[in-house]
Amino acid sequence: MAFIFYDTETTGVNVYFDQILQFAAILTDDNLVEVERFEIRSRLLPNTVASPGAMNVTNVTAAQLHQPGYPSHYEMICQIRDKLLDWEPAQFIGHNSLKFDEVLLRSAFYKNLFPPYLTNMNGNNRFDTYIALQAAHLYEPSAIVVPNDLNGKPSFKLDQIAPANGFNHANAHEAMSDVEATIHMTRLLRERAPETWSRGMRFCHKNSVADFCNDEEIFGLTEFYFGKPYTFLLHQIGRNPHDNNEIIAFDLSVDPNDLVSLSDIELIDRITRAPKPIRRFRANGFPMLVDADDAHPYSKAQGIEFEVLEDRAQRLRLDSELTARLISAFLQSKPDYEDSPHVEENLYSGFADNNDSALMEQFHEADWSERYNIVSRFNDPRYRELGEQLIYFESPEHLSPEIRRKWLEITNARLMGTGDPCPALTIPDAIQQADDLLAKLDGQKQQLLLGHRALLFTQLEQLQSESAQ
């Protein structure tokens, strides 16, 4: 299978409200030899504020945010999608991509009326080198050089681990350079940490994860919290009935016999307290699963004889009533989340139905003059709102004066922070962020941020003038 290595550079770190400014990808064959590369930048969205902190890291100038030669965000996303569809099926690989780049890419597809799950549909799978390198450091510690950060803790940040392993990363935080660094680290993983690489290649497929958990009475799951590894010896007790990709497993460091006599209310309370007896993970979320024998020395249950763990697993397997109560209690212990008042945060609030999926395809094929009529026929209010906003950004002359006025007010309120409370960065907050950074910087970095600060003040004065009219 081919590999697609990719990276994004963005206006900030909020995956729902920030945007991609630069996207880069390299297609390789199954031997990690480059076949083709793709790179694109876009202009800043009208309702988005670029974080001075992020610009300080990526070295994007204020002029680049509104570069006339760059495509709009919508045009960029269309080109990204076309290229990735042309390259699939493939293994998508990024560094810390599952928590950031992929969610940002999904969010961009969603906000531009495309199906969001491109990287794990149509035979595509995901692999995250950040997770794999952490696992290699635990299970094959001599394979990869892992530098320490300023606090003396192992650092898996790409701009630190890649140079420590021989990559010239002078252009760190530039998308194509980061893609090249990720390929470099992937080659090292495959060559020097073959067991970790093999696990990663196996468990990036959700069916392989499901088969493994079904077949193994006991298995290990390694997860990292604040850079520290935690390995759990688990026994699968079921799936989330509302989400078949979510596996529910029992932590065998806890004795299930201690839970049998608890009432339903007591069981719900016990599940929320440490040591938590239930772990959940996603079959399609690239879990770092390990054979029980390999995981036992690193696990919370390392002081418990393996025969005892086997007895606990058998107890759970034979007691369907207990496992049903455990799953029910676990699900009841989780809070219900209402949809956000901000449509951007409702990416995961359901799939598009057949009607809306068909209308999305029509939307992208139609002239802008026809697109509002298509948007008005969406069943899902999310897509009606996103579609109206997209037309306002791209071709506002095809909206009525009333709708244009509505989106002007919404956009200005977002930029100024005067509307409903929202996590999006505002111009006043960005100016304060720039001032705080300027007090610490000098030289070229200071000049770059002074340019952003000047642009922010220009926007602020313009918005204040409009609101006064």
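Remember, predicted model here, so these are calculated numbers, not experimental data.

## Topic: empty space enclosed by the protein
Applying the stated criterion across every chain, the model contains four cavities of 30 Å³ or more. Around the largest cavity, the lining comprises 16 residues; the ones closest to its centre are Leu45, Asn47, Lys111, Gln389 and Phe393. Mapped onto the lining of the largest cavity, the elements with two or more residues apiece are helix 3 (73–87) and helix 16 (381–394). Here the residues of the lining of the largest cavity are counted per class, giving seven nonpolar, five polar and four charged. Roughly 60 Å³ of volume is contained in the second largest cavity. Along the walls of the second largest cavity sit Leu44, Thr48, Val49, Ala50, Leu65, His66, His452, Leu455, Leu456 and Gln459, which together make up its complete lining. If you tally residues by element for the lining of the second largest cavity, the top one is helix 19 (residues 443–468), at four residues.

## A few points about unusual backbone geometry
In most cases, non-glycine residues show a negative phi, while peptide bonds are predominantly trans. With an omega of 0°, the peptide bond between Glu88 and Pro89 qualifies as cis. Residue position: Pro89 is located in the loop between helix 3 and strand 4 (90–94). Here the residue pair Ala274 and Pro275 is connected by a cis peptide bond, since its omega of -5° sits within 30 degrees of zero. Counting through the fold element by element, Pro275 comes out in the loop between helix 10 (264–271) and strand 9 (278–282). Located in the positive-phi region is Leu113, a residue other than glycine, with phi close to 65°. Within the fold, Leu113 resides in the loop between helix 4 (97–111) and strand 5 (125–128).

## As for the sheet that holds strand 8 (residues 243–251)
Judged by pairing direction, the sheet is antiparallel, and its five strands sit side by side in the order 9-8-7-6-10 without closing on themselves. Edge positions in the sheet fall to strand 9 and strand 10 (288–291), since each of these pairs with one other strand and no more. The mean angle between the axes of side-by-side strands here comes to 45°, regardless of whether they run parallel or antiparallel. Bridge count for strand 8 against strand 9 is five bridges, and the pairing is antiparallel. Across the sheet, Glu246 pairs through a bridge with Arg282, a residue of strand 9.

## Focus on the pairing of strand 7 (residues 228–240)
As judged from the seven bridges shared by strand 6 (residues 219–225) and strand 7, these two strands associate in the antiparallel manner. Bridging across to strand 7, Glu223 finds its partner in Tyr230. Following strand 6, the chain reverses through two residues before pairing antiparallel with strand 7; Phe226 in that reversal takes a positive phi of roughly 55°. Inspection of the sheet shows strand 7 paired to strand 8 by six bridges, in the antiparallel sense. Bridge pairing links Arg239 to Ile247 in strand 8.

## Let's talk about helix 5 (residues 129–139)
Of all 11 residues in helix 5, eight are buried; the element is thus mostly enclosed. For helix 5, the complete set of buried residues consists of Thr129, Ala132, Leu133, Gln134, Ala135, Ala136, Leu138 and Tyr139. The N-cap residue of helix 5 is Asp128: its side-chain oxygen and the backbone nitrogen of Tyr130 are 2.9 Å apart.

## As for the sheet that holds strand 4
Spatially, five strands are ordered 3-2-1-4-5 in an open sheet, and the strand pairing comes out mixed. Each edge of the open sheet carries a strand with a single partner, namely strand 3 (34–41) and strand 5. Within the sheet, the average angular offset between the axes of one strand and its neighbour, ignoring direction, is 20°. Relative to strand 5, strand 4 runs parallel, the two sharing four bridges. Within strand 5, the position partnered with Gln91 by the bridge is Asn125. Along the sheet face, helix 3 touches strand 1 (2–10), strand 2 (20–28), strand 3 and strand 4 and points at about 170° away from the line of strand 3. Here helix 8 (residues 194–203) sits on the sheet and contacts strand 1, strand 4 and strand 5; the angle it forms with strand 5, its principal contact strand, is near 150°.

## Some points on the layout of surface pockets
A volume near 800 Å³ is recorded for the second largest pocket. Taken together, 29 residues form the lining of the second largest pocket, with Glu9, Val13, Asn96, Phe100 and His173 sitting closest to its centre. Of all the elements in the fold, those that place two or more residues in the lining of the second largest pocket are strand 1, helix 1 (52–58), helix 4 and helix 6 (158–164). Here the residues of the lining of the second largest pocket sort into nine nonpolar, 12 polar and eight charged.

## Quick word on the packing of aromatic side chains
Summed over the entire model, instances satisfying the criterion amount to 21 aromatic pairs. Aromatic side chains Phe363 and Trp368 sit 6.0 Å apart centroid to centroid with 90° between the ring planes, which places their arrangement in the edge-to-face category. Judged by its relative accessible area of 0%, Phe363 is buried. Centre to centre, the rings of Phe378 and Tyr383 are 5.8 Å apart; their planes meet at 55°, and the pair counts as tilted. Residue class for Phe378 comes out buried when judged on its relative accessible area of 2%.

## Examining the side chain of Ser155
Following the sequence through the fold, Ser155 ends up in the loop between helix 5 and helix 6. Judged by relative accessible area, which is 5%, Ser155 ranks as buried. Separated by 3.4 Å, the side chain of Ser155 and the backbone nitrogen of Lys157 make a polar contact. For Ser155, the residues in contact, after removing those within four places along its chain, are Val146, Pro147, Asn148, Asp149, Gln160 and Ile161.

## Observations concerning the pattern of salt bridges
Applying the stated criterion across every chain yields a total of 19 salt bridges. Asp294 is the partner of Arg199 in a salt bridge, and the nearest nitrogen-oxygen pair spans 3.6 Å. Of the two residues, Arg199 sits in helix 8 while Asp294 sits in helix 11 (residues 292–295), which places them 95 residues apart along the sequence. Accessibility expressed as a relative area gives 11% for Arg199, which makes it buried. A salt bridge links Glu388 to Lys406; the nearest nitrogen and oxygen atoms lie 2.7 Å apart.

Criteria and cut-off values
- The written sequence of each chain sets the order in which its residues are numbered from 1.
- Where local features are concerned, this predicted model is filtered to residues with pLDDT of at least 70; where side-chain atom pairs are given and counted, the filter is 80 or more; whole-chain, interface and lining totals use all residues.
- Heavy atoms from the whole structure form the basis of all side-chain values; hydrogens and water molecules are not counted.
- Definitions used for this entry: grid spacing 1 Å over protein atoms alone; cavity, a set of points where a 1.4 Å probe fits but cannot get out; pocket, an open set with protein on both sides within 12 Å along at least 5 of 7 lines; lining residue, one with an atom within 4 Å of a point.
- Grid points are joined across faces, edges and corners, and a volume is the space filled by probe spheres set on the points.
- To qualify as a helix, a DSSP run of H or I must reach at least 4 residues; to qualify as a strand, a run of E must reach at least 2; elements of each kind are numbered from the N terminus.
- For this scheme, ten residues count as nonpolar: Ala, Val, Leu, Ile, Met, Phe, Trp, Tyr, Cys and Pro. Four count as charged, namely Asp, Glu, Lys and Arg, and the remainder, Gly too, count as polar.
- Pairing between strands is defined by DSSP: at least two bridges between them are needed.
- Orientation is described by lines fitted to C-alpha atoms, with helices fitted over the stretch in contact, and by angles between N-to-C directions that extend from 0 to 180 degrees.
- Buried means the residue's accessible area, taken with a 1.4 Å probe over protein chains only, is under 20% of the maximum for its type, while exposed means over 50%, and partly exposed covers the values in between.
- Pairing of N or O atoms within 3.5 Å defines a polar contact, subject to two protein rules: one partner must be a possible hydrogen donor and the other a possible acceptor, and residues neighboring in sequence count only if both atoms are side-chain atoms.
- For this analysis, residues touch if any pair of their heavy atoms sits within 4.5 Å.
- Stacked, tilted and edge-to-face are the three classes assigned to paired rings of Phe, Tyr and Trp, where Trp is represented by its six-membered ring and a pair needs centres within 6.5 Å; plane angles under 30 degrees give stacked, over 60 edge-to-face, the rest tilted.
- One speaks of a salt bridge when a side-chain nitrogen belonging to Lys or Arg is within 4 Å of a carboxyl oxygen belonging to Asp or Glu.

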